[in-house]
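Here is how the chains run, residue by residue.
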Amino acid sequence: MGRPRTNDDTVKDRLVESATEMFATRPRESITIRALAAAAGTATAAVYSLFDGKDGLIAEVRNRAVAGLSRELSAAPTSDDPLADLYALAVAYRRWGREHRHLYTVLFGGVQSFEPSGEVGAADPVRPLIEAIDHARSASALSGDATSIALSLWVTLHGLVTLELAGALDTATAEATFRSAIPAALRGWAA
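Rules and cut-offs
Residues numbered from 1 in each chain as written. Predicted model: local features only at pLDDT ≥ 70, side-chain atom pairs only at ≥ 80, totals over all residues. Heavy atoms only, no water. Phe/Tyr/Trp six-rings, centres within 6.5 Å; stacked < 30°, edge-to-face > 60°. Helix = DSSP H or I, 4+ residues; strand = E, 2+ residues; numbered from the N terminus. Lys NZ or Arg CZ within 6 Å of the ring centre and 35° of its normal. Contact = heavy atoms within 4.5 Å. Expected span 1.5 Å × (residues − 1). Buried < 20%, exposed > 50% of the residue type's maximum accessible area, 1.4 Å probe, protein only. Polar contact = N/O pair within 3.5 Å; in protein donor to acceptor, adjacent residues only side chain to side chain. Core = buried A, V, L, I, M, F, W, Y, C linked by side-chain atoms within 4.5 Å.

Looking at the packing of aromatic side chains
Taken as a whole and judged by the stated rule, the model has 5 aromatic pairs. Geometrically, the ring pair formed by Tyr87 and Phe178 is tilted, given 5.4 Å between the ring centres and 55° between the ring planes. One end of the pair, Tyr87, is in helix α5 (residues 82–99); the other, Phe178, is in helix α9 (residues 171–187), and 91 residues separate them in sequence. We note Arg94 situated over the ring of Phe178; from NZ or CZ to the ring centre the distance is 5.0 Å.

Here's what the structure looks like:
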């Protein structure tokens with residue numbers, strides 16, 4: 001069992017949740033420590049004592065987003081079919097983005113620069129994708145540079161999820177587009 005939750009944990013969670021929503025919906029420079037603290041129902045001192053300031057709180061939001069996406073992708077089903085595994089990763093990525101709209105926006109929406117394979121403990125959302133691509137290349141299902149394949153797939157997927165979250169695609173259109181675009185992107189790298 002883990003340690004018991006403290007009041008600091010509760011305040012920390014409230015600050016992260018408030019910051020996530022604020023950073024997803026407002027320009028970073030317009031968000032003050034006072035506004036973050038007020039949204040979480042706490043004093044500004046909590047931002048400094050728990051996160052060493054606004055940048056530390058932003059880093060915690062990013063770290064939680066990276067860890068959550070990494071968990072989702074690592075839990076994607078695997079099979080003997082490397083292309084099915086890549087499709088399953090795409091499904092997991094899209095699901096996480098849809099279920100964690102604000103974290104997705106903070107992570108990929110320009111609030112801060114993001115290095116997707118940056119160190120966040122053992123969480124690295126890029127690792128499952130690269131491993132699946134390497135497996136597909138070893139099985140002669142895909143041909144090309146793993147990084148180029150990953151970027152190509154991510155650009156396709158990210159564009160779709162971003163448009164879906166922005167409301168530019170209705171649910172039926174987004175689903176149909178996803179079911180055709182991801183296999184098409186993979187076919188583009190077929191061996």
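There is more to say, and it comes next.
A word on the side chain of Thr20
Within the secondary structure layout, Thr20 lies in helix α1 (residues 7–25). Contacts of Thr20, omitting those with residues within four sequence positions, involve Val61, His102, Leu103 and Val106.

With respect to α9
End to end, α9 covers 24 Å across 17 residues, agreeing with the expected 24 Å (1.5 Å per residue, within 8%). Within α9 the residues assigned to the buried category are Ala174, Phe178, Ile182, Ala185 and Leu186. Each element contacted by the buried residues of α9 is listed here: α5 and α8 (146–165). By the N-cap criterion, in which a side-chain oxygen at the helix start approaches the backbone nitrogen of a residue two or three places on, α9 is capped by Asp170, the distance to Ala172 being 3.1 Å.

Here we look at the nonpolar core
Where a protein is soluble and globular, its nonpolar side chains tend to be buried together. Of all hydrophobic cores here, the largest spans 55 residues; its most connected members are Leu15, Leu57, Leu86 and Tyr93. Residue contacts for Leu86: discarding those within four places in its chain leaves Leu129, Ala132, Ile133, Ala136, Leu142, Leu153 and Leu186.

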